[in-house]
Amino acid sequence: MKIITIEEEAWQQLNSRINAIADYLKRLDETSYDDLWLNNHEVCQYLHISEKTLWRMRTKGEIAYSKIYGQYFYTIGAIKDMLNANAIQSSDEFVQELMAKGKSYIEKGRKLKTDKK
């Protein structure tokens, strides 16, 4: 084993660069899906509910949505807000697990759609 010595200032610069790279990688990994838009069908599949149930949620104002040319769209953030507002088991672990499942579902669904083209 070799021991390498460097000046303290050089070590501090190297350490700060490593920390900057680590922070950058963390930000890349924490890509927010809150602004991703889903249609009726995707939301129903994600939440395991019927379109009628989703319609009831819309008419009661329980979930935020946008309507464009007769089609309804919802953001992941709106779904998260609705789930958090109505959560009975609202521990941070439960919400994180739910979001991880949703993230993998969305990524898998988007890949399948692009593969078919």
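In what follows, the structure referred to is the one given above.
For clarity, every value in this text was computed on a predicted model and none was experimentally measured.

Q: What am I meant to see in the overall build of the protein here?
A: Scanning the protein from terminus to terminus reveals five helices and three strands. Of the regular secondary structure in the protein, the N- to C-terminal order runs α-β-α-α-β-β-α-α. Taken across its 117 residues, the protein has 20% of its residues classed as buried. The contacts of the protein with a sequence gap of at least 6 include a subset with a gap of at least 24, amounting to 61%.

Q: Just to check I follow, could you spell out the packing of helix α2 (residues 40-47) against helix α3 (residues 51-59) for this structure?
A: Two packed helices can be described by the angle between their axes and the distance between those axes. The geometry of α2 relative to α3 is characterised by a closest axis approach of 9 Å and an angle of 105° between their N-to-C directions. The angle between α2 and α3 falls in the class roughly perpendicular. Two secondary-structure elements touch here, α2 through Asn40, Val43 and Cys44 and α3 through Glu51, Leu54 and Arg58. Broken down by class, the residue content of the contact of α2 with α3 amounts to three nonpolar, one polar and two charged.

Q: Hey, could you run me through the sheet that holds strand β3 (residues 71-75) in this one?
A: Across a sheet, strands are paired by hydrogen bonds formed along the backbone, either parallel or antiparallel in direction. Judged by pairing direction, the sheet is antiparallel, and its three strands sit side by side in the order β1-β3-β2 without closing on themselves. Edge positions in the sheet fall to β1 (37-39) and β2 (66-68), since each of these pairs with one other strand and no more. For this sheet, the mean angle separating the axes of adjacent strands, direction not counted, is 35°. Bridge count for β2 against β3 is three bridges, and the pairing is antiparallel. Paired with Lys67 across the strands is Tyr72, a residue of β3. Relative to the sheet, helix α4 (residues 76-86) contacts β1 and β3, its axis offset from that of β3 by approximately 70°.

Q: Teacher, can you tell me more about a nonpolar patch on the surface here?
A: On the surface, Ile4, Ile6, Trp11, Leu14 and Ile18 cluster together into a nonpolar patch covering about 540 Å² of accessible area. Position of Ile6 relative to the elements: it lies in the segment before α1 (8-29).

Q: I'm lost on the nonpolar core in this one. Help?
A: Generally speaking, nonpolar side chains in soluble globular proteins are found buried as a group. By size, the foremost hydrophobic cluster in this structure holds 16 residues, and its most contacted members are Val43, Leu47, Ile63, Tyr74 and Ile79. Once you skip the residues sitting within four places of it in the chain, Val43 turns out to touch Leu38, Leu54, Tyr74 and Ile79.

Q: How should the pairing of β3 be read in this particular structure?
A: Side chains on a regular strand alternate between the two faces of the sheet. Pairing of β1 with β3, which is carried by three bridges, proceeds in the antiparallel orientation. By the bridge assignment, Asn39 is partnered in β3 with Phe73. Hairpin connection, β2 to β3: the antiparallel pair is bridged by two residues, and Tyr69 has positive phi, about 50°.

Q: Can you walk me through unusual backbone geometry in this structure?
A: Apart from glycine, the bulk of residues carry a negative phi angle, and the bulk of peptide bonds sit in the trans form. One non-glycine residue, His48, lies in the positive phi region at around 60°. Tracing the chain through its elements places His48 in the loop between α2 and α3. The exposed category is assigned to His48, whose relative accessible area is 72%. If you check the backbone angles, Tyr69 has positive phi at about 50° while not being a glycine. Relative to the helices and strands, Tyr69 resides in the loop between β2 and β3.

About the criteria used
Residue numbers here run from 1 along each chain, matching the order of that chain's written sequence. Only residues with pLDDT of at least 70 are given local features in this predicted model, and only at 80 or more are side-chain atom pairs given and counted; all residues enter the totals for whole chains, interfaces and linings. By convention in this description, side-chain values take in all heavy atoms of the structure and omit both hydrogens and water. Helix numbers and strand numbers start at the N terminus; a helix is a DSSP run of H or I with at least 4 residues, a strand a run of E with at least 2. A simple rule labels every residue: compare its accessible area, found with a 1.4 Å probe on the protein chains alone, to the largest value its type can have, and call it buried under 20%, exposed over 50%, or partly exposed in between. The criterion used for residue contact is that any of the two residues' heavy atoms lie within 4.5 Å. Axis definition: a line fitted to C-alpha atoms, limited for helices to the stretch in contact. Angles are taken between N-to-C directions and run from 0 to 180 degrees. With respect to orientation, any angle under 35 degrees is reported as roughly parallel, any angle over 145 as roughly antiparallel, any angle of 65 to 115 as roughly perpendicular, and every other angle as oblique. Put simply, Ala, Val, Leu, Ile, Met, Phe, Trp, Tyr, Cys and Pro go in the nonpolar bin, Asp, Glu, Lys and Arg in the charged bin, and everything else, Gly too, in the polar bin. At least two DSSP bridges between two strands are required for those strands to pair. Within the patch definition used here, like charges are joined within 9 Å and nonpolar side chains (Val, Leu, Ile, Met, Phe, Trp, Tyr) within 5 Å, considering only residues with over 30% relative accessible area and no salt bridge. Using a 1.4 Å probe, the Shrake-Rupley method yields the accessible areas, and only the shown protein chains count as cover for residues. By salt bridge we mean one thing: a side-chain nitrogen of Lys or Arg within 4 Å of a carboxyl oxygen of Asp or Glu. Each nonpolar core is a collection of buried residues, namely Ala, Val, Leu, Ile, Met, Phe, Trp, Tyr and Cys, held together in the definition by side-chain atoms within 4.5 Å.

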